[in-house]
Amino acid sequence: MGTIYSDRWVAKNGTTPSLTWKAAIGRLNDKQMSGVMDACIARCSSGNSWPPDLAEFISIVSADMSNTNPFGISLINLSEEFRCYCRDRGLYESAEQFPWSHPVMYWICTEVRQRMIQNRLTEAEVEKALSRELDKWSKTVADGKDIPKPVLRLQDRSRPRPTWMDLLKIYPDVNYR
């Protein structure tokens, strides 16, 4: 972990692991440890460059070990798509036109983004909200309900469309992520 986070790891967790860290890491096999390392690298590439504390580490391990949601979406993938949506949403006229990897992503990301703006959520609070929304939608599907497809709403024709949108050409074959 020190190779990924360098001095930040020592500043947050110390030079020697505590007994609880040893117990948490001691139970992992090589495949699980590799999954955790990949998850930490994905966290860094998505903008979260601080190392996980023990609670975050355990949640990464449990998210990596169990695929408890029926969508096959990990919290890390959800977090990455949420960040891409927040970054690239201006390229699309509406959230429904964004290239979602799964229909449930639309419902989760739009809801959490709305809460993030209204309540000025921190990054950690956004991660918790994403996790809660994913759990909520997992329970909804487990109860036998379907996920509604994102349907394009009627455009507001009372305001003119911004001119920069007409100048921007979005090519369907290009991946903007």
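It should be emphasised that the depicted structure is a prediction, and the values quoted were computed from it without experimental measurement.

### Quick look at the environment of Tyr 5
With respect to the helices, strands and loops of the structure, Tyr 5 is situated in helix H1 (residues 2-5). Given a relative accessible area of 2%, Tyr 5 falls into the buried group. The spacing of Tyr 5 and Cys 40 is 35 residues in sequence and 9.2 Å in space, taken between C-alpha atoms. Among all residues touching Tyr 5, those that are not within four sequence positions of it are Cys 40, Arg 43, Cys 44, Ser 49, Trp 50, Pro 51 and Pro 52.

### A word on unusual backbone geometry
Even without a glycine there, the phi angle at Arg 120 is positive, about 50°. Mapped onto the elements, Arg 120 comes out in the loop between helix H7 (103-119) and helix H8 (123-142).

### Here we look at the packing of H7 against H8
Interhelical geometry of H7 versus H8 gives an angle of 140° and a closest axis separation of 10 Å. Comparing their axes, H8 and H7 come out oblique. With respect to the hand of their crossing, H7 and H8 are arranged in right-handed fashion. On H8, the residues that touch Val 104, Trp 107, Ile 108, Glu 111, Val 112, Arg 115 and Met 116 of H7 are Val 126, Ala 129, Leu 130, Arg 132, Glu 133, Leu 134 and Trp 137. The residue inventory of the contact of H7 with H8, partitioned by class, reads 10 nonpolar, no polar and four charged.

### Re the packing of aromatic side chains
Applying the stated criterion to the full structure yields seven aromatic pairs. A ring pair is formed by Tyr 92 and Phe 98, whose centres lie 5.5 Å apart and whose planes are at 80°; its orientation type is edge-to-face. For the pair formed by Tyr 92 and Phe 98, the shared burial category is buried. Through a chain of ring-to-ring contacts, the aromatic side chains of Tyr 85, Tyr 92, Phe 98, Trp 100, Tyr 106, Trp 107 and Trp 137 assemble into a single cluster.

### Some details on the pattern of salt bridges
For side chains bearing opposite charge, pairing can occur when the charged atoms are close. Counting across every chain of the model gives six salt bridges. Arg 115 is the salt-bridge partner of Glu 111, the closest N and O atoms lying 3.2 Å from each other. Placement of the pair is Glu 111 and Arg 115 together in helix H7, with a separation of four residues, close to one helical turn. Each of the salt bridges in this network shares a partner with another, and the network as a whole consists of Glu 111, Arg 115, Glu 133 and Lys 136.

### Re H8
Because each turn of an α-helix spans 3.6 residues, side chains separated by three or four positions end up pointing in the same direction. When the terminal C-alpha atoms of H8 are compared, their 28 Å separation across 20 residues agrees well with the 28 Å that a helix rising 1.5 Å per residue should span. After H8 finishes, the residue Gly 144 shows a positive phi value of roughly 95°.

### Quick look at the confidence of the model for the protein chain
Mean pLDDT over the protein chain: 80, with 80% of residues reaching 70 or higher. Least confident of the elements in the protein chain is H1, whose mean pLDDT is 67; most confident is H7, at 95.

### A word on the packing of helix H6 (residues 75-88) against H7
The relative placement of two packed helices comes down to the angle between their axes together with the axis-to-axis distance. Axis separation between H6 and H7 bottoms out at 10 Å; the angle between their running directions is 65°. Crossing of H6 over H7 shows right-handed handedness. Contact with H6, carried on its side by Asn 77, Leu 78, Glu 81, Phe 82, Tyr 85 and Cys 86, involves Met 105, Ile 108, Cys 109, Thr 110, Val 112, Arg 113 and Met 116 of H7 and no other residues of that element. For the contact of H6 with H7, the class distribution of residues is nine nonpolar, two polar and two charged.

Parameters and conventions
- Residues numbered from 1 in each chain as written.
- Predicted model: local features only at pLDDT ≥ 70, side-chain atom pairs only at ≥ 80, totals over all residues.
- Heavy atoms only, no water.
- Helix = DSSP H or I, 4+ residues; strand = E, 2+ residues; numbered from the N terminus.
- Buried < 20%, exposed > 50% of the residue type's maximum accessible area, 1.4 Å probe, protein only.
- Contact = heavy atoms within 4.5 Å.
- Axes fitted to C-alpha atoms, helices over the stretch in contact; angles between N-to-C directions.
- Parallel < 35°, antiparallel > 145°, perpendicular 65-115°, else oblique.
- Left-handed = near helix turned anticlockwise from the far one by under 90°.
- Nonpolar A, V, L, I, M, F, W, Y, C, P; charged D, E, K, R; others polar.
- Phe/Tyr/Trp six-rings, centres within 6.5 Å; stacked < 30°, edge-to-face > 60°.
- Salt bridge = Lys/Arg side-chain N within 4 Å of Asp/Glu carboxyl O.
- Expected span 1.5 Å × (residues − 1).
- pLDDT = per-residue confidence, 0-100.

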